[in-house]
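Examining the three-dimensional arrangement
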Amino acid sequence: MKFSHLKLAIIALACFFYPVSAAEIPVVVVVYPEVSAPYRDSFEEILNGIAKRIPAHRVVVVGAPGSGVELLRQYSPTHIIALGRAGKTEAMLAAGRASVTCAALVYPDRECPAATFGLLPDPGVLFSRLKLLNPGSKRIFAVYSANQNGWQLPLARAAAAARNLELHAVEVDDSKAAVEAYKKFFANADPATDSVWMLPDNISGESSAVVPLVLTEAWRRDVLVFSSAVEHVRRGALFSVIPHFSNYGYAVADAALRPGQRNELITLRQFRYIVNTRAAQHLRVSAADLATFEVVTPRP
Amino acid sequence: MNISFWREATFRQQLTLVIVSGVSFLVIAASVLSAHIGGKRFGDALMQQGMANAQQLAQESSLALIYESRQDTERVMQSAFAFEGTLVAELYSEDKRKLIARSRNGVRLPSFTSRNGAVGAYLEQETADYWIFACNVYIQAADTPFENASSQPRWLGSVRIAQSKAGLKKTRADIFIASIFAAAMVGLPVFLLAILIIKKLTDPLSKLSAVMVQAHNGQTNIRARLSGSRDIRQMSDDFNAMMAQLEDVRSGLENKVRDRTTALAALAASLELFNERAVHELRGPMSVISGAAGLIEIKASNVGEIRHYLDRIKTEIGRINNMMGALRAMSRLELTTLEKKHVNLAPIARYLSDTLPTALPERQIEFVITDDIPAYCSPDLLTIVLSNLISNAIKFSRDDALARIEIGRDDKGYFVRDNGIGFDPRHSDMLFTIFGRLENADHVEGSGIGLATAYLIITRHSGRIWAEALPGQGATFYFTLPDGD
């Protein structure tokens, strides 16, 4: 009987010091780059969202590449939420046995071991809004570079087919080819049925030459242009989506705590629609349709 | 600069030339320096502007390089030629094709040597007339922190513009002219002020120079009246003192010349007299000799008479010898150098008083000699003078029972006084002429040269000799000597 008591005492001590008890408490560290406005505001909103889900998280702000690795390791994180390109790089250097969730990236990243939360919406979201605004739409024209936006094409084709739309996507390697493709399209574009889907691409969406060309020609020919990038809306495209960063952060944090993440890209789901009122006026978008947009630009 | 001109120039002209040259040099040097510095700064500014133009053109060319449309390239050219200094503008594609080129005034550029990878505008080439700037054209997507990878700039082509240096040359020339004008405006008052100062400074020297020229031309009683700085006044005072001294020396020289001229005239007269008297004096013995020789030939009949006439001939020949010896000694006096010193004539007089009378032992002569008779003279020559005067006194007191001869010095001068036969003072002048004899002295032997010799010696000492006497009351021979102080 005495012996049994001793056994019980030893077992109790062992249970007390068993490390599994520590592992059960997640240590979440958010690593993101030290940037100036307007990007700093975006990251702070994401952090706010993360804080709502994981109040006790730690934060590492990365200045020069590699400068946050040591601090990151000192925290002995179980989970790392890497925001942006610099956050991802820093997390990859210091991850160790911690799980890494990448977020605030434009497209899927092979280096990320778990899920990547992108900032671009599923093309279907945009196509649905296109149908809403112009039920007569039949053809969507897009120019893209495979390296940057090739991953969207399967999604886009599926989304177009689901909405009875014809996606005419042209892959290009340089801006001149993009210009030629756009010129060719505009030469025969029908504003009643044709529209342009612009992608955040520094080849097909080169900001100094290609984008002005597209927007100018579209304006001249009354062709509807929508984009996956909110910047294009501010320059004259009709609509896009703008991330709701706080909700986005919450979703990222929630996903980070869930085990068994797959290495996949999760498109932006926390967003609001944004519309360019000048383009809308030019294309005679109805007031009722305009009312469906949460954000307008330029601001009245 | 002509060296002879520089040497012939006055001090004022030299100073003025130096100031003018200096001011001119400063004006030109300042202008050249200003033009150089201003031109360099303007050139740097033009280069910066050219770089900025090339940069701006590159930024505006991206659309044209992507589209390669005529409309866009023309727009780029218009933009390039908006700047007045642009001579040529060219646009090159990524594969270095010349898409478009525009030229002002037909300027053609050398071939383009692009710099691959260069960021920003750069000076590609430079000629004497223009710079050629080039700038590569890139496009680069906005590099947001959300991009998975940082975007790299992509080269689209190049722009090239030639910018004229005409503006630089004109500006450099304008700066030079403006600088030289400004410097001249500043330098002219400085120059005028310098001229005034030079005139003020050199006026006393010019006046002094003019006075010196007058002095050089022989004008007398010239004095400089200069005002100015202390050293100038000192120079004036020194010049005046020098002129006064020169005038004194000149006056003294003139007096000396006059005295010498007088002396030479007297000497010439005495020489003429000497000739006459020498002829006369020699004619006497020669007549005697001639007569004696005739008598020997005609009358002498025996040896006694012949010996008598021969004695007469020997006596006259002896006289002639004595006369010639005295004349020779006198002539040598002219060549004797005067070596004056302070001496006491009393010992000399005593020596002579002891030696001269020994030739006449029958004579009783009392010598009264002052103890101290100081004189500044040649002792050798004064010994001759005293010897002649004492000999003369002894001769002319021969008939007195007790001859008394005094030698000393009183208010009139040095004297030798005797109590002899004296002479008529009206004939005293001829005493000192050579062969001069008084009427009452025919019986007295003598060459007639001793007093003339004394006269000559005293005159060489710049002194004076004369005699005071009355017949039968003795005679006093005075002479003076200049003080030796």
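To be clear, the structure that these remarks concern was listed above.
Chains are numbered independently. Their residues run from 1 in the order of the written sequence. The order in which chains are written sets their letters, starting at A; the order in which ligands are written sets their numbers, starting at 1. Where local features are concerned, this predicted model is filtered to residues with pLDDT of at least 70; where side-chain atom pairs are given and counted, the filter is 80 or more; whole-chain, interface and lining totals use all residues. For side-chain calculations, the full set of non-hydrogen atoms in the structure is used, while hydrogens and water are omitted.

With that settled, consider the overall build of chain B. Strands are runs of DSSP state E lasting at least 2 residues, helices are runs of H or I lasting at least 4, and numbering of each runs from the N terminus. The helix and strand inventory of chain B stands at 9 helices and 12 strands. Computed over the C-alpha atoms, the radius of gyration of chain B is 59 Å, more than 25% above the 23 Å expected from 2.2 N^0.38 for a compact globule of 485 residues. Partly exposed residues are those whose accessible area sits between 20% and 50% of the maximum for their type, while under 20% is buried and over 50% is exposed, using a 1.4 Å probe and protein chains only. For chain B, the residues scored as buried account for 37% of the 485 residues in total. By definition, residues are in contact when any of their heavy atoms lie within 4.5 Å. In chain B, 62% of the contacts between residues at least 6 apart in sequence involve partners at least 24 apart. Here Asp and Glu are counted as negative and Lys and Arg as positive; His is not counted, and neither are the chain ends. Positions of charges follow a simple convention, taking NZ of Lys, CZ of Arg, CG of Asp or CD of Glu. In chain B, 53 side chains carry a positive charge and 53 a negative one; their mean positions are 8 Å apart. We take the radius of gyration over the C-alpha atoms and set the globule estimate at 2.2 Å times the residue count to the 0.38 power.

This part covers the state of the cysteines. Residue and element names in this part refer to chain A. Only a pair of cysteine sulfur atoms within 2.5 Å qualifies as a disulfide here. For the coordinates displayed, the defined rule picks out 1 disulfide over all chains. With a sulfur-sulfur separation of 2.0 Å, C102 is cross-linked through a disulfide to C112. The S-S bond linking C102 to C112 shows a torsion near -105 degrees; that makes this disulfide left-handed. Pair noted here: C102 is in strand β4 (residues 99–105) and C112 is in the loop between β4 and β5 (116–121), with a separation of 10 residues, a long-range link.

Every α-helix carries 3.6 residues per turn, so stepping three or four residues along brings you back to the same face. Residues and elements named next belong to chain B. In this scheme, a helix's expected span is set at 1.5 Å multiplied by one less than its residue total. Along its 57 residues, helix α2 (residues 11–67) runs 82 Å from first to last C-alpha, staying within 8% of the 84 Å computed at 1.5 Å per residue. One axis is fitted to the seven residues ending at the residue and one to the seven starting there. The bend at that residue is the angle between these axes. Of all the bends found along α2, the most pronounced is centred on S61 and spans about 45 degrees. Note on α2: the residue one or two positions beyond its end, E68, has a positive phi of about 55 degrees.

We now examine the pattern of salt bridges. What counts as a salt bridge is simple: a side-chain nitrogen of Lys or Arg found within 4 Å of a carboxyl oxygen of Asp or Glu. Enumeration over the complete set of coordinates arrives at 27 salt bridges over all chains. We note a salt bridge from A:K88 to A:D109, for which the minimum N-O separation is 2.8 Å. In this pair, A:K88 sits in helix α5 (residues 84–94) while A:D109 sits in the loop between β4 and β5, placing the two residues 21 residues apart along the sequence. Here A:K88 falls in the buried class, since its relative accessible area comes to 4%. Within the structure, one salt-bridge network assembled from shared partners comprises B:E366, B:R404, B:E406, B:D410 and B:R417.

Moving on, we come to the sheet that holds strand β2 (residues 58–62) of chain A. All names here are of chain A. With respect to topology, 6 strands assemble into an open sheet ordered β2-β1-β3-β4-β5-β11, the strand pairing being parallel. Every interior strand has two partners, whereas the edge strands, β2 and β11 (265–268), have only one. Neighbouring strand axes in the sheet, compared pairwise and without regard to direction, differ in orientation by 20 degrees on average. The pairing of β5 with β11 spans 3 bridges and is classified as parallel. Considered in β11, the bridge of F117 is made with I266. Interaxial angle, 0 to 180 degrees, is taken between N-to-C directions of lines fitted to C-alpha atoms, where a helix line uses only the stretch in contact. Along the sheet, α5 makes contact with β1 (28–33), β2, β3 (79–83) and β4, crossing β3 at roughly 150 degrees. Note on pairing: DSSP must find at least two bridges between two strands before they are called paired.

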